[in-house]
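Coordinate analysis (summary)
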Amino acid sequence: MNSCSRHPNRPATQYCQKNDRYLCDECLRCPNPMLYCIHRVACVIWYLERERRREWQAAGTGEGGRV
Ligand SMILES: [Zn+2]
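Residues numbered from 1 in each chain as written. Predicted model: local features only at pLDDT ≥ 70, side-chain atom pairs only at ≥ 80, totals over all residues.

Comments concerning the overall build of the chain
Operational definition: Secondary structure elements follow DSSP: runs of H or I no shorter than four residues count as helices, runs of E no shorter than two count as strands, and numbering proceeds from the N terminus. With C-beta atoms placed from the backbone, a residue is labelled by how many other C-beta atoms lie within 10 Å of its own: buried for 20 or more, exposed for 12 or fewer, partly exposed between the two. The contact criterion used here is simple: two residues whose C-beta atoms, placed from the backbone, lie within 7 Å are in contact.
Summing up its helical and strand segments, the chain has 1 helix and 2 strands in all. Listing every helix and strand of the chain by position from the N terminus yields β-β-α. Counting the 67 residues in the chain, one finds 10% classified as buried. If you take every contact in the chain between residues at least 6 apart in sequence, the share linking residues at least 24 apart comes to 6%.

In structure tokens:
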């Protein structure tokens, strides 16, 4: 089993094809969200990040108190 590239003592849960990197749960986010990624359409990391952002928005985080 592969370990996280930032945390060698943790098992990696996902693999980033763009950066050729293994990531653990904590590192599970796209390192360069603004950069075009050819693997993005099938990227689990990007998918999870998008889901997470949707949750943030649904929770109203960062909403400027609009009436
Ligand atoms: Zn990690």
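Notes on unusual backbone geometry
Despite not being glycine, D20 shows a phi value in the positive range, around 50°. Tracing the chain through its elements places D20 in the loop between β1 (14-16) and β2 (21-23).

With respect to the nonpolar core
Selection criterion: To count as a nonpolar core, a set of buried Ala, Val, Leu, Ile, Met, Phe, Trp, Tyr and Cys residues must be joined through C-beta atoms within 7 Å.
In terms of nonpolar packing, the biggest core is built from 7 residues, these being C4, A12, C16, Y22, L23, C30 and I45. Non-local contacts of C30, meaning those with residues more than four positions away in its chain, are made with I45, W46 and E49.

Topic: the environment of W46
Its location among the elements puts W46 in helix α1 (residues 44-59). Between the C-alpha atoms of W46 and C16, which are 30 residues apart in sequence, the distance is 9.3 Å. For W46, the residues in contact, after removing those within four places along its chain, are C30 and R40.

Examining the confidence of the model for the chain
The predicted coordinates of low-pLDDT regions are not to be read in fine detail. Definition in use: For every residue, the pLDDT score states the predictor's confidence, bounded by 0 at the bottom and 100 at the top.
Scored by pLDDT, the chain has a mean of 87; 90% of the residues are at 70 or more. Confidence, expressed as mean pLDDT per element, reaches its minimum in the chain at α1 with 90 and its maximum at β2 with 94.

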